[in-house]
Amino acid sequence: MPDTSRPIYITTPIYYVNDRPHIGHAYTSIAADFLARANRVLGRPAYFLTGTDEHGAKIAEVAAAHGVTPQVWCDQHSSYFREVWKRLDIDFDRFIRTTDDIHVHGVSLMLERLHKAVGPDGQPVIYEGEYSGWYCLGCEKFITEKELVDGHCPLHPDPPRKITERNYFFRLSAFLPKVEELIASGTIQIKPDERRREVMGLFKQGLEDFSISREKVDWGIPLPFDPSQNAYVWVDALPNYITAIGYADDPSHFERWWTHGEVVHLMAKDILKFHAIYWPAMLLALGEALPEVLYIHGYFTVNGQKMSKSLRNVIDPNAIADQFGPDGTRHLLLTQFQFGQDGDVKAEEFIRQYNADLANDMGNLVSRAVTLIERHFEGHKPTIGPLEPVDEELQRDAAQATARFEDAVRRISPNEAISAGLELARAANRYMERTAPWVLAKSGQTERLGTVLGTTVEAIRIAAVILSADIPRKSREILRALGFADPDQELTSAGLHGWGRCPGPFHLAQGVFPRMEKPAAAPAPESASVATAPENVITIDQFFQAQLRVARVTAAETVPGANRLLKLQIEIGGEPRQIVAGIAEHYKPEELIGKSIVVVANLQPATIRGVTSNGMLLAASIGKTLRLVTPDGPIDSGAKVG
Ligand code: ME8
C-alpha cells in the first residue's frame, strides 16, 4: 500500500494563451483537481499546479494581429483560464504564468546551470550550432521531413516555415540511453501502457539534439549567457513545474514537493514527447529529481473531428456550466471516457447522463431519505436498532465502495473512483426499494423505520464523501442536509471508513440535482452545434429513462373547479403517491378504486390547479374516447413495465 503520508504533486500542462479555454483544457484541469481532492480525502498531502504558457512566436503574432502588446494580450487571456477554473471549482494551489517574475528568474537560473553542466559523455550540455528546418508555429516546434504530410504539419492548417538560425543546442543524445532506461524500468512511469510503448518507439526512430533558443523571437526570456537569443518556448515552459514551487526562491518548499513528493504530470498525447524525453533529460542534466508518473489522458474529438476554430466545433466549458452548473460540468466531462482513452464527446448525451447519475441516482435518493426523516423523526437522527441481513448488505456495499475508491485514486482512475460512489448510491436506492420505509411508516413500525433510514443516510454520507472530488459543491450540500455544519471536516479517511456518523438534524430545503428537462441550450458562440437524432426517433436508452410501473388506485376524487381532472391516491409497490389525471370525463372516481394502472413513476412533480401530481398515468385515446392502459391480468403494484 503506498505511503499516504508522502506528498503528491499534481500538475496540468500550462495552456497557451493564444485562445480561450475549451473543454480539452477543462478536462485536464478537472482531472487534476479531482486527484488533488481525492488524495486529500485519503489523508495524503497534495499540491496542485496549473497555469498559462505565455511566451513565444505564436503569442507574439496573435497579439500583434489584434493590435495589442503581448503582455496585454497575455494578461487578458490568462484571466479567461483563471475565471473558468474558478467557476468550475478548480481549486489549484498555484497558478503559474510564464511571464511571472519568479518564473523568468527561475528559468534564467536553470539556463545558467545547464550552460555550466557537463553531460555523462564529458561534453558540455549546451553547445552552439546552426539549424535549418521547417518550423510549425501551431506546435511551436521544428517538424522533421518524416513528420510532414504533403508538406504540412499533420496537426495544424498553417504551412510550416523554413527557418535557418544560429542557435544554442541541448545535447539530448548524451542523455537518451539513461532516459530510455528510466522509462523501460518504470522509474518514470508513462501511463497508460500504450503511451509508454509509443515513447519507447521514439527512441528506436532516433531523436536529435534540440535547440534551446531563438534568435528572431523577441517575446521570451533572454539566455543569461547570450541575451541576443531568447529561450525556446518549450525550454521556458517545462520548468514551470519547478519554478512554481520554489526552485529559485524557496528551497524547502521545492524539496518537499519536487524532491520528496510523488510528481504526477497530467496531459494529453499531443505533448508527450516533450514531457517524456526532453524534460527528464533536462532534469538529469540539472541533477534534479525526476517526475514519477506521466499520465496521458484521452484526447477529445467532437462529432469525430478535432476541435478547431475553423470547424466552429470548439466547446466552451462555460456553455456547459451555464446549463449543468459546476458540478454537473465536472461530472459530465470526467465521466465521458475511461481516463487514458480517446473519445468523441457526445454532448447530446449530457442531459440523459446528468439525469441518470445525478438527478436520479444521487438527488432522488437524498431527497427521499431526508424527507422521510423530516416527516417521521422531525429531522432528528434516527436510532439504528438491531440489524437485519439487508442492512448488513448495504453496510458491506459501502465498505466495498470505499475500498474501490481508494484503489482507483491510487491508480489514477477517476472514472472508477466516481463509479464506486455512484454504485453505492444505486445500492442505497435498491435498499430503499427492498425495505420500503414508506410502508414501515404507514404501519407504525417506527423502530425498524429508524434502522432503515439511519442505514440509508450512512450510505448516502459515504457516497457523498467519495463523490466530493467529482461534485465538490453538491457533496457538501448533501453533507449539510445530513447535519454536518462544516462538511469539509467529514471529507477525510475517518469520514470514508466510519459508520453511524451523521449528526443530524436532517433538512433539505430543495432538491440537490433538479432534473433537466429542456433540450441542450443553444450552443454559445464558437461552440459546437451538437448532432441530434432525427425527430420522433428515440434510442432504447432514451425509452428506458421513463420508469413505467404498475400502480394500484387507493382513492379518487374530483378536483373542485376543474371538470376534467381527478385527484388519485395510488400505491406503487407500497409507496403512496398522489397524481392528477385529466380523465374525469371518462371515469367516475368510484370506478377507479382498486384498479391497476400504468404510471410514469420518475416524472418531475408538478402542481396542477393547486394540486400536487407526482407521476402520470397512461391512457389510450381514439377520437374523444379515452381508456386507461392496464396490465393484462393480475399483477402486483410496483411491477416494472417495459
Ligand atoms: O501544449 N482533448 O498547451 P495547449 C483533451 N503550452 N485534452 C486536450 C485537448 C483535447 N482535445 N486539447 C487540449 C501546450 N487538451 C503547451 C504545454 S506544458 C509545459 C506546455 C489539454 O494549450 C491537454 O492537457 O496546447 C493537452 O496536453 C493540453 O491541453 C495542451 O494545451
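Worth saying up front: this structure is predicted, and the values here are computed from it rather than measured.

### Concerning the domain arrangement of the protein chain
Here the domain parsing of the protein chain yields domain 1 (8-297), domain 2 (359-497) and domain 3 (540-641). For domain 2 and domain 3, the distance between their C-alpha centroids amounts to 31 Å. Facing five residues of domain 2, the contacting portion of domain 3 comprises six residues. Around 420 Å² of area is buried between domain 2 and domain 3 when both sides are counted, 48% of it from carbon and sulfur atoms. Taken together, the links from domain 2 to domain 3 amount to one salt bridge. For Arg549, the salt bridge is made with Glu433, and the minimal N-O distance between the two is 4.0 Å. Across the contact surface, domain 2 and domain 3 share zero residue pairs in polar contact (both at pLDDT 80 or more). Those elements that place two or more of their residues in the side of domain 2 that touches domain 3 are α12 (350-377) and α15 (437-442).

### Focus on the sheet that holds strand β7 (residues 189-191)
An order of β3-β2-β1-β12-β13-β7 is seen for the six strands of this open sheet, with the pairing classed as parallel. The open sheet terminates on both sides in strands that have one partner only, identified here as β3 (94-97) and β7. Adjacent strand axes in the sheet meet at a mean angle of 20° when their direction is disregarded. Running at roughly 160° to β3, helix α3 (residues 70-87) makes contact with β1 (8-16), β2 (46-53) and β3 of the sheet.

### Observations concerning the environment of Phe175
Relative to the elements of secondary structure, Phe175 occurs in the loop between β6 (161-170) and α5 (176-184). Here Phe175 falls in the buried class, since its relative accessible area comes to 4%. A C-alpha to C-alpha distance of 20 Å links Phe175 and Phe142, two positions 33 residues apart in sequence. If we ignore the near neighbours within four places in the chain, the residues touching Phe175 are Gly119, Pro120, Val125, Phe170, Ala281, Leu284 and Ala285.

### Topic: the sheet that holds strand β9 (residues 213-214)
Read from one edge to the other, the open sheet built from three strands follows the order β9-β11-β10, with strand pairing classed as antiparallel. This sheet does not close on itself; its edge strands, each paired only once, are β9 and β10 (222-223). In this sheet, strand β11 (residues 226-231) lies alongside β10 in antiparallel orientation, the contact comprising two bridges. Counted as the bridge partner of Pro222 is Asn230 from β11.

Calculation criteria
- Residues numbered from 1 in each chain as written.
- Predicted model: local features only at pLDDT ≥ 70, side-chain atom pairs only at ≥ 80, totals over all residues.
- Heavy atoms only, no water.
- Domains from an automatic or database assignment.
- Contact = heavy atoms within 4.5 Å.
- Buried area = accessible area lost by both parts, 1.4 Å probe.
- Salt bridge = Lys/Arg side-chain N within 4 Å of Asp/Glu carboxyl O.
- Polar contact = N/O pair within 3.5 Å; in protein donor to acceptor, adjacent residues only side chain to side chain.
- Helix = DSSP H or I, 4+ residues; strand = E, 2+ residues; numbered from the N terminus.
- Pairing = 2+ DSSP bridges.
- Axes fitted to C-alpha atoms, helices over the stretch in contact; angles between N-to-C directions.
- Buried < 20%, exposed > 50% of the residue type's maximum accessible area, 1.4 Å probe, protein only.

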